Amino acid sequence: FFMTEAIQTELSESGVLFIRLNRPEVLNSMNRDLVMGLLETMNEVNEDPKVRVVVITGNGRGFCAGADLANGGWPEEKNTSPGQAAANNMEIGFKPIVRAITSSDMPVITAINGIAAGGGVGLALSGDLVVAAESAKFKLVFGPQLGIISDVGSSWFVPHLIGRARANGMGLLGEDITAKEAKEWGLIWDYFPDEKFKDSVSILAERIANGPVVGLKAVVKAHDHAFSTSLDKQLDYERDTQKIFLDREEFREGVKAFIEKRKPDFKSIKN
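Along each chain, residues carry numbers from 1 onward, in the same order as the chain's sequence is written. Residues qualify for local features only when their pLDDT is at least 70, as the model is predicted, and side-chain atom pairs are given and counted only at 80 or more; totals for whole chains, interfaces and linings, by contrast, use all residues. Excluded from the side-chain calculation are hydrogens and water; included are all heavy atoms of the structure.

A. A look at the overall build of the protein. Within the protein one finds 11 helices and 10 strands. Rg of the C-alpha trace for the protein: 19 Å, near the compact-globule value of 18 Å for 271 residues, within the 12% margin. Seen through its principal axes, the protein has C-alpha atoms that stretch 65 × 40 × 40 Å. Note on classification: 1.4 Å probe, protein chains only; a residue is buried when its accessible area is under 20% of the maximum for its type, exposed when over 50%, partly exposed between these limits. Looking at the 271 residues of the protein, the share that counts as buried comes to 43%. The accessible surface values rely on the Shrake-Rupley method and a 1.4 Å probe; as for residues, cover is taken only from the protein chains in view. Here the protein displays about 14,900 Å² of accessible surface, and carbon together with sulfur accounts for 54% of that area. For the protein, the distance from the average position of its 31 positive side-chain charges to the average position of its 37 negative side-chain charges is 3 Å. A run of DSSP states H or I qualifies as a helix once it reaches four residues; a run of E qualifies as a strand once it reaches two. Both are numbered from the N-terminal end. Computation of the radius of gyration draws on C-alpha atoms, with the globule rule given as 2.2 Å multiplied by the number of residues to the power 0.38. Asp and Glu are treated as the negative residues and Lys and Arg as the positive ones, with His and the ends of the chain left uncounted. Where a charge sits is defined by one atom per residue type, namely NZ (Lys), CZ (Arg), CG (Asp) or CD (Glu).

Structure follows, in structure tokens:
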């Protein structure tokens, strides 16, 4: 396994895996250790039956300040241009991590504890449920500061979530977007007072962990599927997916609990 101090993990008794980005001295900017450590951890999630929900957050006062331009630690090849080197790093690191988060078998919460800038915005928005501390900010610095496009998925997430006008405003001006604005625009689900942030995230994670997590992830995948298809084809997708999930034990338990007027017990079901 890819062992690194740049990632910390903690698994709760209820199956919530907290993944903490641990380079607080540089606002958790993404170097090779952090990216590959996070990727390895996400790949392990699908192999661990004890994990029911993943929470990705940052240590210190930042969530993620984007790619580490000063000390990335990526292997360098001779006679390679900055563009070629970046493309290679994206192919082996940044692309796979976004795919690993979005395609995870379990629901993923991204808990934005502080600034998310550059590629950190893409990482933040990769979660199935995105929440933030009240003091958190979102900032697309690629264009104004570097003259490049938004990446780590942010060029897809941002316009899909908030529309072209606001996405262009963020991308062209590079201004700080507050957690309050992010919620109003639909960039995130919710934000919480800083002093209650950790407890609020834990409550949300426990709530999801107590649910039918495979089915909950299927809800997210259905929404993502809808972005790339017609209504007619989405109706077919609904039919084909329900055919599978109505035959699962979680559905039977949910119906039985409804009839018996009790809370369903999804956690005792082996997936």
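B. Spotlight on the packing of helix H5 (residues 154-162) against helix H6 (residues 164-173). Only the stretch in contact is used when a helix axis is fitted, and all axes are lines through C-alpha atoms; the angle between N-to-C directions ranges over 0 to 180 degrees. Where H5 contacts H6, the axes come no closer than 7 Å and their chain directions differ by 135 degrees. Here H6 runs oblique to H5, going by the angle between their axes. Here H5 contributes Val158, Pro159 and Ile162 to the contact with H6, which in turn contributes Arg164, Arg166, Ala167 and Met170. Any residue outside Ala, Val, Leu, Ile, Met, Phe, Trp, Tyr, Cys, Pro, Asp, Glu, Lys and Arg is labelled polar, Gly included; the first ten of those are nonpolar and the last four are charged. Grouping the constituent residues of the contact of H5 with H6 by class yields five nonpolar, no polar and two charged. These descriptions rest on fixed angle ranges, namely under 35 degrees for roughly parallel, over 145 for roughly antiparallel, 65 to 115 for roughly perpendicular, and the rest for oblique. By the convention used here, residues are in contact when the closest approach between their heavy atoms is within 4.5 Å.

C. Spotlight on the sheet that holds strand E6 (residues 115-117). Here, any two strands with at least 2 DSSP bridges between them count as paired. If you trace the four strands from one edge of the open sheet to the other, you get E4-E6-E8-E9, paired in mixed fashion. The sheet is open, and its two edges are formed by strand E4 (62-64) and strand E9 (177-178), each paired on a single side. Note that E6 and strand E8 (residues 137-139) share two bridges and pair parallel. Note on E8: the bridge partner recorded for Ala116 is Phe138.

D. A look at the side chain of Ser14. Within the element layout of this structure, Ser14 appears in the loop between strand E1 (7-11) and strand E2 (16-21). Classification of Ser14 by relative accessible area gives buried; the value is 10%. Distance and chemistry together define a polar contact, namely a pair of N or O atoms within 3.5 Å, with one atom able to donate a hydrogen and the other to accept it when in protein, and with adjacent residues in sequence counting only for side-chain atoms on both sides. A polar contact is formed between the side chain of Ser14 and the side chain of Ser12, at a distance of 3.1 Å. At a separation of 2.5 Å, a polar atom in the side chain of Ser14 contacts the side chain of Glu206. Sequence-distant contacts of Ser14, that is, excluding residues within four places in its chain, are made with Arg52, Glu206, Ala209 and Lys267.

E. Layout of the side chain of Ser154. Here Ser154 shows up in helix H5. Residues contacting Ser154, with those up to four places away along its chain left out, are Val121, Gly122, Leu140, Phe142 and Pro159.

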